Amino acid sequence: MTAYDVIVLAGGAAKRLGGADKPGVLVGGRALLDRVLAACDDAARTVVVGDRRATARPVLWTREVPQGGGPLAALGAGLKLTTAEHVLVLSADLPFLGPGTVDALLAAAGQPGREGALCTDPDGRDQPLVAAYHAEPLRRELALIATEHGSLAGLPLRILTAELELARIDAGPDAAFDCDTWDDIAAARARIREHGAVLDEWITSVKNELGIELDVDTGVLLDLARDAAHGVARPAAPLTTFLVGYAAARASAGAGPDEAVAAVAEASRKATALALRWEAEAAQSAGQGGDAAGGPAGGSKPDAGREGTGTP
């Protein structure tokens, strides 16, 4: 795994959002900035260039000079606080950026003869704020640009990327999707609620909200909930999954994440087996009528005069 620092640019004016606090806009119940931070949580050092705010994990804060000086000035300010040989550079409005894209960028940036790597969007356009750079050539070029122009303020990022030997990777339809307008925000919010994505998005959001770092097999839990609902009663599903979580927590107390995952799997296995036994028992009873419960076949009632009297 390549060691890296990350710089997140979160100080733009958000003019197309009417000046709203874009890094704090919620998508899927999480601030855009927090969604970006989650994609690079293994960075050695995280620098956010923007106004201080509550974040899901600790970061270093700085601001470009002058404030509002643009992305190149912000990148220069953030770079001063980094020490790693590789620097990931991201904007704060990427709701679908994931660790896979981060890993791909770092791997591409490490290719021989490359000074970095950036994503291209589905239209083939470079995305210099979804990129990984070698720190030394990045510092060199920023210094040369500042000397030539007097400062970095107000300059576009393409001045920098044009001077670097960069690999390019296809970001796909999601990784480079950024939220510049309210229509973009609405599209992002709708996308995470699509059938194929909503459960993963929800589980990720819950784990972030609760501070849980546990990658369990959600398919196992969903199968358990289905079996409990079908084999016992519908309300049994949430109660059973809660009890499985509680049992797993007790079984793995003081252990590491791997043991916790194994404990969830084992508790789920036991609870699923129990639910299936209940279902089989109910099916047997339904097939045999009252005889399965100890009563006479055909559902006839016992003699009322003898019930509970002990009379042979």
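Keep in mind it's a predicted model, so treat the numbers as computed, not measured. (Residues numbered from 1 in each chain as written. Predicted model: local features only at pLDDT ≥ 70, side-chain atom pairs only at ≥ 80, totals over all residues. Heavy atoms only, no water.)

**Thoughts on the overall build of the chain**
Operational definition: A run of DSSP states H or I qualifies as a helix once it reaches four residues; a run of E qualifies as a strand once it reaches two. Both are numbered from the N-terminal end. It is over C-alpha atoms that the radius of gyration is taken, and the globule rule equals 2.2 Å times the number of residues to the power 0.38. Only protein chains enter the area calculation, which uses a 1.4 Å probe; residues under 20% of their type maximum are buried, those over 50% are exposed, and those in between are partly exposed. When checking whether two residues touch, look at their non-hydrogen atoms; a contact exists if any pair is within 4.5 Å. We get accessible surface area from the Shrake-Rupley algorithm with a probe of 1.4 Å; when it comes to residues, only the shown protein chains can shield them. Lys and Arg are tallied as positive, Asp and Glu as negative. Neither His nor the chain termini are counted. Where a charge lies is defined by one atom per residue type: Lys uses NZ, Arg uses CZ, Asp uses CG and Glu uses CD.
For the chain, the count of helices and strands is eleven helices and nine strands. Rg of the C-alpha trace for the chain: 28 Å, well past the compact-globule value of 20 Å for 312 residues, more than 25% over. Viewed in the frame of its principal axes, the chain has a C-alpha envelope of about 110 × 40 × 35 Å. Looking at the chain as a whole, 40% of its 312 residues are labelled buried. Residue pairs in contact within the chain that sit at least 24 positions apart in sequence constitute 65% of those at least 6 positions apart. A total accessible area of about 17300 Å² is found for the chain, and carbon and sulfur atoms account for 54% of it. In the chain, which carries 29 positive and 42 negative side-chain charges, the distance between the mean positions of the two groups comes to 4 Å.

**Quick word on the pattern of salt bridges**
Formally: Definition used for salt bridges: Asp or Glu carboxyl oxygen within 4 Å of a side-chain nitrogen of Lys or Arg.
What the rule picks out here adds up to 16 salt bridges. A salt bridge links Arg 63 to Asp 51, with the shortest nitrogen-to-oxygen separation between them at 2.6 Å. Separated by twelve residues along the polypeptide, Arg 63 in the loop between strand 5 (60-62) and helix 2 (71-79) and Asp 51 in the loop between strand 4 (45-49) and strand 5 bring together distant segments of the chain. Relative accessible area serves as the criterion here: at 19%, Arg 63 is assigned to the buried category. Across the pair Arg 125 and Asp 123 runs a salt bridge whose closest N-O atoms are separated by 3.1 Å. Ionic contacts of the salt-bridge type, sharing partners, join the residues Arg 16, Lys 22, Asp 93 and Asp 180 into one network.

**A few points about the nonpolar core**
One broad rule of soluble globular proteins: the nonpolar side chains tend to lie buried together. Rules: For the purposes of this section, nonpolar cores are sets of buried Ala, Val, Leu, Ile, Met, Phe, Trp, Tyr and Cys residues that join through side-chain atoms within 4.5 Å.
Judged by nonpolar contacts, the single largest core of 32 residues is most densely connected at Tyr 4, Val 6, Val 8, Val 48, Leu 88, Leu 90 and Leu 105. Elements represented by at least two residues in this core include exactly strand 1 (5-9), helix 1 (32-39), strand 6 (86-91), helix 3 (99-109), strand 7 (116-120), strand 8 (126-134) and strand 9 (166-170). Broken down by element, the residue count for this core peaks at five residues, all from helix 3. Those residues within four positions of Leu 88 in sequence are excluded, and the remaining contacts are Tyr 4, Asp 5, Val 6, Ile 7, Cys 40, Val 102, Leu 105, Ala 131 and Ala 132. Membership of the second largest hydrophobic core comes to 24 residues, among which are Ile 7, Leu 75, Ala 135 and Leu 152.

**Comments concerning the packing of helix 9 (residues 218-231) against helix 10 (residues 236-251)**
Heads up, the rule is: Convention adopted: a line fitted to C-alpha atoms gives each axis, helices being fitted over their contacting stretch, and angles between N-to-C directions are expressed from 0 to 180 degrees. Should an angle lie under 35 degrees it is considered roughly parallel, over 145 roughly antiparallel, and from 65 to 115 roughly perpendicular; all remaining angles are considered oblique. Here a crossing is taken to be left-handed if its near helix is turned anticlockwise relative to the far helix by less than a right angle, and right-handed if that turn runs clockwise. Charged means Asp, Glu, Lys or Arg here, nonpolar means Ala, Val, Leu, Ile, Met, Phe, Trp, Tyr, Cys or Pro, and polar covers whatever is left, Gly included.
The contact between helix 9 and helix 10 brings their axes to 8 Å, and the two run at 135 degrees. On the basis of the axis angle, helix 9 is oblique to helix 10. Read as a crossing pair, helix 9 and helix 10 show a hand that is right-handed. Residues Leu 221, Leu 224, Ala 225, Ala 228 and Ala 229 of helix 9 form the contact with helix 10, whose own contacting residues are Ala 236, Ala 237, Thr 240, Thr 241 and Val 244. When the residues that make up the contact of helix 9 with helix 10 are grouped by side-chain class, the tally is eight nonpolar, two polar and no charged.

**Remarks on the sheet that holds strand 1**
Stated precisely, the cut-off is as follows: When DSSP finds at least two bridges between two strands, those strands are taken to pair.
Pairing is mixed across the open sheet formed by seven strands, whose spatial order is 5-4-1-6-8-7-9. In this open sheet, the two edge strands, each paired with only one partner strand, are strand 5 and strand 9. If you compare each strand with its neighbour and ignore which way they point, the axes differ by 25 degrees on average. Sheet topology note: the strand 7/strand 9 ladder contains five bridges and is parallel.

**What about the pairing of strand 8?**
With seven of its nine residues buried, strand 8 lies for the most part within the structure. Both strand 6 and strand 8 contribute to a ladder of five bridges, which runs antiparallel. Bridged to Val 89 within strand 8 is Ala 131. Sheet topology places strand 7 next to strand 8; five bridges connect them, and they run antiparallel.

**Remarks on a nonpolar patch on the surface**
So the rule is basically this: Patches here: salt-bridge-free residues with over 30% relative accessible area, like charges joined within 9 Å, nonpolar side chains (Val, Leu, Ile, Met, Phe, Trp, Tyr) joined within 5 Å.
A surface patch of nonpolar side chains, about 240 Å² in accessible area, is lined by Val 198, Leu 199 and Leu 222. Structurally, Leu 222 is set in helix 9.

**Examining helix 10**
Spelled out, the test is: Under the convention used throughout, the expected extent of a helix is 1.5 Å for every residue step, that is, one less than its residue count. When we speak of the arc, we mean the arc of directions from the helix axis to the C-beta atoms.
Between its terminal C-alpha atoms helix 10 stretches 22 Å, which fits the 22 Å expected from 16 residues at 1.5 Å a residue. Of all the positions in helix 10, only Ala 236, Ala 237, Thr 240, Val 244 and Ala 248 are classed as buried. The arc that holds the buried residues of helix 10, viewed along the axis, is 100 degrees, so those residues lie on one side. Across from the buried face of helix 10, at angles greater than 90 degrees, the exposed residues are Pro 238, Leu 239, Phe 242, Leu 243 and Arg 250.

Distances and angles like these do not, on their own, reveal function.
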